[in-house]
Amino acid sequence: MDNLPAVGDRNTQTIVCSFCDDIILRPQTAILTNKPTLLPQMNIEKTPSSDTESNRLSINGSDHICDSLESFWLVSDMFTFENVGFSNTVNNQTKYLVCANCERGPIGFSPINLSTRQLEKEFYVAIDRIKYK
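What this report covers is the structure whose coordinates are included nearby. (Residues numbered from 1 in each chain as written. Predicted model: local features only at pLDDT ≥ 70, side-chain atom pairs only at ≥ 80, totals over all residues. Heavy atoms only, no water.)

1. Focus on the packing of aromatic side chains
Definition in use: Between 30 and 60 degrees the pair is tilted, below 30 it is stacked and above 60 it is edge-to-face, where a pair is any two Phe, Tyr or Trp rings, Trp via its six-membered ring, whose centres lie within 6.5 Å. Under the scheme used here, helices are H or I runs from DSSP no shorter than 4 residues and strands are E runs no shorter than 2 residues, and both carry numbers assigned from the N terminus. Categorising residues by exposure relies on relative accessible area from a 1.4 Å probe, with only protein chains included: less than 20% of the type maximum marks a residue as buried, more than 50% marks it as exposed, and the intermediate range marks it as partly exposed. The criterion is that NZ of a Lys, or CZ of an Arg, lies within 6 Å of the ring centre and within 35 degrees of the ring normal, and then a charge sits over that ring.
This model, assessed by the stated rule, comprises 5 aromatic pairs. A ring pair is formed by F72 and Y124, whose centres lie 6.0 Å apart and whose planes are at 80 degrees; its orientation type is edge-to-face. Remark: Y124 occurs in strand β9 (residues 123-126) and F72 occurs in strand β5 (residues 62-75); sequence separation between them is 52 residues. Given the relative accessible area of 0%, F72 is considered buried. Considering the side-chain rings of F109 and Y124, the 4.9 Å spacing of their centres and the 15 degrees angle between planes classify their relative orientation as stacked. Pair noted here: F109 is in strand β8 (residues 108-111) and Y124 is in strand β9, with a separation of 15 residues, a long-range link. Overall, the relative accessible area of 6% leaves F109 in the buried class. For Y124, a relative accessible area of 5% corresponds to the buried category. Taken together, F72, F109 and Y124 form an aromatic cluster joined through their ring pairs. Over the aromatic face of F19 sits the side chain of R104, whose NZ or CZ is 4.1 Å from the ring centroid.

The values reported here are purely geometric and, on their own, carry no functional implication.
As structure tokens, this is what we get:
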């Protein structure tokens, strides 16, 4: 997508996996939003704690290098997705989204409501982790 739409705009193109081109979202199904978040890098690797602490995240006791991301496609219904899988709950607060075909990710996340321990109706797909067709 050459020109990024404005926050609040819907996706005009099909959103696909960067690796296998499987469809993740059809056009007009997500809204662009800003939500500054640390998301584990696509090639998750465990690292010693000597790196900078600002882009690190402890996931179930292991440190992971993360990318600081801001722009996400927001979806409010999990059944809107064409081909997305969900991780187990991480740190009792998040489920990560992956491509259901090639299992690469995380491409996004969904927060867990801490009081109900259920998924919030917010699913975020990072614009830096997908491509368009």
